[in-house]
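# Secondary and tertiary structure notes
Here is what each chain is made of, one letter per residue.
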Amino acid sequence: MNDLDEHFNTNVLSVHNTTRAFLPLLEKGSLKKVVNVSTTLGSIAMAGFFAQTPCPAYKISKSMLNMLTVQYSLEYGPKGFTIFAISPGWLRTDLGGEAAVEQGAKATAEKIMGAGKDQNGQFLNIFIEGIGHYDGSNPPW
Ligand SMILES: NC(=O)c1ccc[n+]([C@@H]2O[C@H](COP(=O)([O-])OP(=O)(O)OC[C@H]3O[C@@H](n4cnc5c(N)ncnc54)[C@H](OP(=O)(O)O)[C@@H]3O)[C@@H](O)[C@H]2O)c1
């Protein structure tokens, strides 16, 4: 937990500041979409399931990111924006490591591009054919 302030700065405050800076530009455009990359590790409902994953500061910050996303979606949804959080699955990156799924980035991009107004304020999950828990259904908050 010693790194909670760093996680808060990166995953919550920086997202807030970046969003705030870009909103006036997005308002002038036609694709008013803001996507916050979250994780099911930030799901309060799934906290028990992930109890053995030892990164509490990361989990707390992503849970806060989810709420930040909802607050922005409530304010800007009626103004034509689509703002949502997405769980990109377990991806093969520096963070995810070698054992993660290979198709995750493509599935995440497809989900983001396919999302529309109905997804405003939601927590989306990727769809990868044949991998049960990546069935595209929204994770619980
Ligand atoms: N990989 C997964 O399995 C997985 C699962 C769920 C969610 N996610 C989410 O997906 C997103 C991308 O993660 P990733 O897997 O691509 O991780 P990654 O390979 O570790 O990359 C993280 C990126 O964030 C940048 N970054 C970290 N701290 C920063 C800071 N304080 N200011 C500016 N940039 C900073 C890093 O920049 P530098 O390269 O300059 O260090 C790097 O480009 C994250 O939001 C993560 O929570 C990933």
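The coordinates are above.
A few points on the structure. (Residues numbered from 1 in each chain as written. Predicted model: local features only at pLDDT ≥ 70, side-chain atom pairs only at ≥ 80, totals over all residues. Heavy atoms only, no water.)

### Observations regarding the packing of helix α1 (residues 4-28) against helix α2 (residues 56-76)
- Taken N-terminus to C-terminus, the directions of α1 and α2 make an angle of 20°; their axes are 8 Å apart at the nearest point. Classified by the angle their axes make, α1 and α2 are roughly parallel. Once α1 is placed against α2, the crossing between them reads as right-handed. Contact residues: Leu4, His7, Phe8, Asn11, Val12, Val15, His16, Thr19, Arg20, Leu23 and Glu27 in α1; Ala57, Tyr58, Ile60, Ser61, Lys62, Met64, Leu65, Leu68, Tyr72 and Tyr76 in α2.
- Partitioning the contact of α1 with α2 into residue classes produces 13 nonpolar, 5 polar and 3 charged. (Axes fitted to C-alpha atoms, helices over the stretch in contact; angles between N-to-C directions. Helix = DSSP H or I, 4+ residues; strand = E, 2+ residues; numbered from the N terminus. Parallel < 35°, antiparallel > 145°, perpendicular 65-115°, else oblique. Left-handed = near helix turned anticlockwise from the far one by under 90°. Contact = heavy atoms within 4.5 Å. Nonpolar A, V, L, I, M, F, W, Y, C, P; charged D, E, K, R; others polar.)

### What about the packing of aromatic side chains?
- Inspection of the entire model under this criterion finds 4 aromatic pairs.
- Ring geometry for Tyr76 against Phe81: centres 5.4 Å apart, planes inclined by 75°, an arrangement best described as edge-to-face.
- Measuring from centroid to centroid gives 5.3 Å for Phe123 and Trp141, while their planes differ by 20°, and the two rings are stacked. One end of the pair, Phe123, is in strand β3 (residues 123-125); the other, Trp141, is in the segment after β3, and 18 residues separate them in sequence.
- Put simply, the rings of Tyr72, Tyr76 and Phe81 pair up and form one aromatic cluster. (Phe/Tyr/Trp six-rings, centres within 6.5 Å; stacked < 30°, edge-to-face > 60°.)

### What to know about the site of the ligand
- What surrounds the ligand is a group of 14 residues, the closest being Tyr58, Lys62, Gly89, Leu91 and Thr93.
- Within the side chain of Thr10, a nitrogen or oxygen atom sits 3.1 Å from a nitrogen atom of the ligand.
- Measuring from an oxygen atom of the ligand, one finds a side-chain N or O atom of Tyr58 at 2.5 Å.
- Considering only residue class, the shell around the ligand consists of 6 nonpolar, 6 polar and 2 charged. (Near = heavy atom within 4 Å. Polar contact = N/O pair within 3.5 Å; in protein donor to acceptor, adjacent residues only side chain to side chain.)

### Quick look at helix α3 (residues 104-114)
- Regarding α3, the residues found buried are Gly104, Ala107, Thr108 and Ile112. Across the axial projection of α3, the buried residues extend over an arc of 130°, all falling on one side. In α3, the exposed residues that point more than 90 degrees away from the buried face are Lys106, Met113 and Gly114.
- Buried positions along α3 lie against β1 (33-37) and β2 (82-87). (Buried < 20%, exposed > 50% of the residue type's maximum accessible area, 1.4 Å probe, protein only. Arc of directions from axis to C-beta.)

Remember that the coordinates give geometry; whether it matters functionally is a separate question.
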